[in-house]
Amino acid sequence: MSFLRRRKPPENQKPTPPQPEPELEEDDNKKKELTPNKKIPKKAEERVKWSCLDNCCWFVGCVCTVWWGLLFLYNAMPASIPQFVSEAITGPWPDPPGVKLHKEGLKAKHPVVFVPGIVTGGLELWEGHQCAEGLFRKRLWGGTFGEVYKRPLCWVEHMSLNNETGLDPPSIRVRPVPGLVAADYFVPGYFVWAVLIANLARIGYEEKTMHMAAYDWRISFQNTEVRDQTLSRIKSNIELMVATNGGKKAVVVPHSMGALYFLHFMKWVEAPAPMGGGGGPDWCAKHIKAVMNIGGPFLGVPKSVSGLFSAEARDIAVARAIAPGALDKDLFHIQTLQYIMKMTRTWDSTMSMIPKGGDTIWGGLDWSPEEGYLPSKRKKHRSNAADCSADNENVSTESKARNIVNYGRIISFGKDVAEAHSSEIKKIDFRDAVKGSNTANNTCRDVWTEYHDMGLVGIKAVAEYKVYTAGELVDLLNFVAPKMMARGNAHFSYGIADDLDDPKYAHYKYWSNPLETKLPNAPEMEIYSMYGVGIPTERAYVYRQSPSSECYIPFQIDTSADEDDKDKRLKDGVFTVDGDETVPALSAGYMCAKGWRGKTRFNPSGIKTYVREYDHAPPSNLLLEGRGTESGAHVDIMGNFALIEDIIRVAAGATGEELGGDQVYSDIFKWSEKIKLPL
């Protein structure tokens, strides 16, 4: 056998090393990559690690993606599928009120005017600074709120008003969105007026017989006329709708703060020019059939005090307790609560909802109209004024003994102060305290609030006063925010009139306070107070002084204050009573239950008034019922079928008596009798 022999290189030539085959080299590299013990450089490790902010952004992104995906699928599916699924599970779905009443033969008759409340109306940009480039006529409030995340400081700057005038800052114009779309939905998928509008359309209503009285809810009521002529536009639109509908009077449906705004309008429209609209003393009698107020805070809301005092409500206070410091930190270059306070304290409208009537209405150190209220003893059946009078005589001794809640103490510094007898509370008057500069004054000008001008002495004086009743709240706010209250006191009043014929009450600052103004001379008109009950609603607060730090808000709701009792009237530092989660039943119902009932000095022509309460029932299935068809919550009640049916019947020509008169679940008549107000 012959063999092939490798040829020897020449002696003067060095042998070349063998070259590895390419395939083997690639396999070796792959093996190295798969080797678990390979060390990663430190710089690469740092790039792999996620910060807390990365995790938060990832979580928010996931939630938003899932939410929008579900919303897309829900809107993409045929409208019959949710109803089919619901009927398969719970039985036939009740007809919406519009469909039900259309079957009964009801048709559109009286034109309807909607008056939205605070924060529910859309606002759009007409002029702004360089940072708002590309946002002309885009919504800054309402819609998707996309600009809050993209450019938060720019958004705060454009949503704030001038701190001296309460009007537009230089080179900024933000105006209300016009038309029904102004407040049909607050954000996509979250209805406000849309359900009511859709049901009215079922019996023949359309845009020419419905009007959304959109206004800039940030500015004072009178300034909506000064800047935008909004009151004049409402007057003209109502006159046009009445004239083009055969002289049929309008049904006006205000919601929340819109009830105060329309109360102001009814005085403005009859007052002589230039302060008023010059419509004459019979304008309301000629143009308005009924005013159906939904969740109207006629006597104010304690929630507005906590918002102005510490930029808090119970939900924010609880969030603050869960994540201490998170709402005070420089998150996304915006110190959250400080900027919220800076912005909202320029909104004069918030001061329209400071509690009115002082201790006479809201109670003092040792009494309140709601004393004895126990959620566990709350009746679940419908009643009227006569039934409530009978219930007045049957208050159990056990209930009286268990009543240790002093709701009249709207702000207490410490749970022990909230529960102590008034004789045990030693108060040091804060009104004469000397204010001084705070150390944060020079470094926090971009998040300046008036607390920075109080100094530590002024802050300590507020806490040492211990407890504040409704009669002392205005003095408190005048002390902690004098510039804000200087604007507020020029446009609003919070007292009780001794003599309504005094010429001073002709001034517009009194027109939104039902205790300092008369209803119009319109004996055929009707006024309704329609609101939800059965939900714990903020009534009073336990506060504590915050730890001192740079750019801080010095007071916080003390979320550690809780009640051990099963009724839990004190939870997370907040005392609650019956209401719609925002407005206590006392504020929403007192005027129609007693203050305006019959011929009184506040209602000299004897306009008929009705109290219509809607007992809250949460949705049995959130996916199928959404926010519920029997909800009594402050905004969700706008989808309550019973409330919508009442409004449609009145718009179609019914009277309050035909609806059944009063419909009451709370103790509003009992509480009203405890208020000793000369009528």
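For the structure, see preceding data.
Residues numbered from 1 in each chain as written. Predicted model: local features only at pLDDT ≥ 70, side-chain atom pairs only at ≥ 80, totals over all residues. Heavy atoms only, no water.

Caption draft 1: Region of interest: the sheet that holds strand β3 (residues 139–141). Within the open sheet, the 3 strands sit side by side as β3-β2-β4. Their pairing is antiparallel. A single partner strand is all that each edge strand has here, and the edge strands are β3 and β4 (173–176). In this sheet, neighbouring strand axes are inclined to one another by 45° on average, regardless of whether the strands run parallel or antiparallel. Where strand β2 (residues 123–127) and β3 come together, 2 bridges link them in antiparallel fashion. Opposite E124, over in β3, you have R139 as the bridge partner. Where helix α7 (residues 152–159) meets the sheet, it contacts β2, β3 and β4, and its direction lies at approximately 80° from that of β3. (Pairing = 2+ DSSP bridges. Helix = DSSP H or I, 4+ residues; strand = E, 2+ residues; numbered from the N terminus. Axes fitted to C-alpha atoms, helices over the stretch in contact; angles between N-to-C directions. Contact = heavy atoms within 4.5 Å.)

Caption draft 2: A nonpolar patch on the surface, seen in detail. A cluster of nonpolar side chains, namely W58, F59, V60 and V63, defines an oily patch on the protein surface of about 430 Å² accessible area. Along the polypeptide, V60 turns up in helix α3 (residues 52–76). Under the relative-accessibility criterion, V60 is labelled partly exposed at 46%. (Patch = residues over 30% accessible without salt bridge, like charges linked within 9 Å, V, L, I, M, F, W, Y side chains within 5 Å. Areas by Shrake-Rupley, 256 points an atom, 1.4 Å probe, with all protein chains shown as cover. Salt bridge = Lys/Arg side-chain N within 4 Å of Asp/Glu carboxyl O. Buried < 20%, exposed > 50% of the residue type's maximum accessible area, 1.4 Å probe, protein only.)

Caption draft 3: Structural view of the environment of G247. Among the structural elements, G247 can be located in the loop between α10 (230–244) and β8 (250–254). As for G247 and K286, which are separated by 39 residues in sequence, their C-alpha atoms are 8.8 Å apart.

Caption draft 4: How the structure looks around the state of the cysteines. Scanning the model with the defined rule gives 1 disulfide in all. The disulfide that involves C131 links it to C154, with 2.1 Å between the sulfurs. Looking along the S-S bond of the C131-C154 disulfide, the torsion reads about 80°, which is the right-handed sense. In this pair, C131 sits in the loop between β2 and β3 while C154 sits in helix α7, placing the two residues 23 residues apart along the sequence. With a relative accessible area of 30%, C131 lands in the partly exposed category. (Disulfide = S-S within 2.5 Å.)

Caption draft 5: Structural view of helix α22 (residues 482–491). Listed as buried for α22 are M484, M485, R487, G488 and H491. The buried side chains of α22 occupy one side of the element, clustering within an arc of 155° when seen end-on. On its buried side, α22 packs onto α9 (221–228), α13 (302–310) and α21 (470–480). (Arc of directions from axis to C-beta.)

Caption draft 6: Representation of the environment of I644 in the model. By the element assignment, I644 lies in helix α25 (residues 641–651). Judged by relative accessible area, which is 0%, I644 ranks as buried. Taking the C-alpha atoms as reference, I644 lies 6.6 Å from P97; in sequence the two are 547 residues apart.

Caption draft 7: Geometry of the side chain of K356. In this structure, K356 sits in the loop between α15 (336–344) and α16 (358–362). Buried charge K356 goes without a salt bridge, the closest partner of opposite sign being E516 at 8.4 Å. Looking at K356, its side chain comes within polar contact range of the main-chain oxygen of S352, at 2.5 Å. Not counting residues up to four positions away in its chain, the partners in contact with K356 are L260, F298, L299, G300, I361, W362, S493, Y494, S512, N513, P514 and L515. (Lys, Arg positive; Asp, Glu negative; His and termini not counted. Polar contact = N/O pair within 3.5 Å; in protein donor to acceptor, adjacent residues only side chain to side chain.)

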